[in-house]
Amino acid sequence: MESLWETLKYAILGLIQGFTEPIPISSSGHLVIAQRLFGLEIEGLSFEVLVNFASLLAVLLIYRQDLIRLTVNGFKYLTKRDENCRGDFMFIIYLIIATIPAGVIGVLFNDFISDRLKGLNVIGITLLITAVSLFLIRNLRGRKGDQQLTLKDAIIIGLAQSVALIPGISRSGATIVAAMALGMKQETALRFSFFLYIPVSLGGMVLEAKHIASDPDLDRLLLPYGAAFLVALVASYFSLKWFMNIMKKGNLLYFSIYCLIAGLAVLLFL
């Protein structure tokens with residue numbers, strides 16, 4: 001019975017991660033809050049990386065046609081210098097550049113973030129920062145499409161993503177806020193944000209794979225982790241679909257209000 005309850009709690013954590021990862025309310029912050037409420041102590045980043053990887057699979061599934069187009073056109077430009085494919089090739093280059101800041105900071109400060117920046121006070125404050133950021137860009141309607149991105153855009157969005165390594169700062173929120181502040185269309189900001197999630201999630205999984213595989217409690221955690229992974233995958237898929245619709249309508253104010261309430265609740269009651 002105890003094993004069943006533990007599996008259920010991990011599945012709920014997977015649901016929370018999966019639902020909150022695509023939307024700008026900080027999945028990492030909500031995972032920490034949920035662990036506190038359920039009395040679970042999950043050390044390190046292995047569990048978070050695992051459920052993040054489930055969210056990545058959902059992103060790959062939803063954006064599969066765009067990813068295939070980028071890959072094919074990028075290869076065409078690289079091998080044949082087809083000018084019709086140059087825009088997609090540069091989009092890939094800018095994604096690579098934007099990945100660098102978070103990759104470097106993640107490698108250098110992984111342990112510090114895991115050990116020192118997961119306090120509830122930190123999360124409460126960063127949720128309030130997310131709320132203010134979303135409020136400031138709630139009415140922006142940019143004009144830049146995929147073909148109008150610049151090196152400057154890539155660097156700024158990459159720096160925004162690196163800030164989101166702090167729990168409570170939403171990764172999707174930080175990158176979308178930066179992209180829209182730079183004048184991007186909603187759909188371009190959303191696409192760039194989630195394509196940027198691909199190398200970050202893959203990199204995190206590669207770095208943590210050996211820790212997951214060598215975990216002395218792996219046999220006991222296999223079922224709970226598996227349940228969390230599957231639930232996170234399904235939840236991420238439907239959450240991202242829902243958020244894409246929200247972005248079309250420009251209703252980011254609701255997420256700003258939610259982060260404000262959640263941040264205050266964490267600071268006052270937890």
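Residues numbered from 1 in each chain as written. Predicted model: local features only at pLDDT ≥ 70, side-chain atom pairs only at ≥ 80, totals over all residues. Heavy atoms only, no water.

> Help me understand the overall build of the protein chain in this model?
Counting its secondary structure elements, the protein chain contains 11 helices and zero strands. Listing each helix as α and each strand as β along the protein chain from the N terminus yields α-α-α-α-α-α-α-α-α-α-α. Scaling as 2.2 N^0.38, a compact globule of 270 residues should have a C-alpha radius of gyration of about 18 Å, and the protein chain matches this with 18 Å. Dimensions of the protein chain, computed from C-alpha atoms along their principal axes, come out at roughly 60 × 40 × 35 Å. The proportion of buried residues among the 270 residues of the protein chain is 51%. (Helix = DSSP H or I, 4+ residues; strand = E, 2+ residues; numbered from the N terminus. Rg over C-alpha atoms; globule rule 2.2 N^0.38 Å. Buried < 20%, exposed > 50% of the residue type's maximum accessible area, 1.4 Å probe, protein only.)

> In this structure, what is going on with the nonpolar core? I would like to understand it.
Looking at soluble globular proteins, one finds that nonpolar side chains tend to be buried together. Counting 55 residues, the largest nonpolar core has Tyr63, Ile157, Phe192, Phe195, Phe243 and Phe255 as the members making the most contacts within it. Counting residues per element, this core draws most heavily on helix α9 (residues 186–213), at eight residues. Dropping the residues within four chain positions of it, Phe243 is found in contact with Pro22, Ile23, Pro24, Ile176, Leu190, Phe194, Leu252 and Phe255. Leu40, Ile42, Val51 and Ala228 belong to the second-largest nonpolar core, a separate cluster that totals 18 residues. (Core = buried A, V, L, I, M, F, W, Y, C linked by side-chain atoms within 4.5 Å. Contact = heavy atoms within 4.5 Å.)

> Explain the packing of helix α2 (residues 27–38) against helix α6 (residues 120–136) here, please?
A pair of packed helices can be characterised by two numbers: the angle between their axes and the separation between those axes. Contact pair α2 / α6: the axes reach a minimum separation of 10 Å and the direction vectors enclose 140°. Accordingly, the angle class assigned to the pair α2 and α6 is oblique. You can see that α2 and α6 cross each other, and the crossing is left-handed. Contacts between α2 and α6 pair Gly29, His30, Val32, Ile33 and Arg36 from the former with Leu120, Ile123 and Leu127 from the latter. A class-by-class count of the residues in the contact of α2 with α6 yields five nonpolar, two polar and one charged. (Axes fitted to C-alpha atoms, helices over the stretch in contact; angles between N-to-C directions. Parallel < 35°, antiparallel > 145°, perpendicular 65-115°, else oblique. Left-handed = near helix turned anticlockwise from the far one by under 90°. Nonpolar A, V, L, I, M, F, W, Y, C, P; charged D, E, K, R; others polar.)

> What exactly am I supposed to notice about the pattern of salt bridges here?
When their charged atoms lie close together, side chains carrying opposite charge are able to pair. Counted according to the given criterion, the structure contains five salt bridges. The partner of Asp88 in a salt bridge is Arg69, and the shortest N-O contact between them spans 3.3 Å. Here the residue Asp88 occupies a position in helix α5 (residues 86–116), and Arg69 occupies one in helix α4 (residues 64–80), the gap between them amounting to 19 residues. (Salt bridge = Lys/Arg side-chain N within 4 Å of Asp/Glu carboxyl O.)

> For this particular structure, what's the right way to read unusual backbone geometry?
Glycine aside, negative phi is the norm for most residues, and most peptide bonds take the trans geometry. The phi dihedral of Ser26 falls on the positive side, at around 75°, and the residue is not glycine. The exposure class assigned to Ser26 is buried, which follows from its relative accessible area of 2%. Phi angles above zero are rare outside glycine, and Arg81 is one such case at about 55°.

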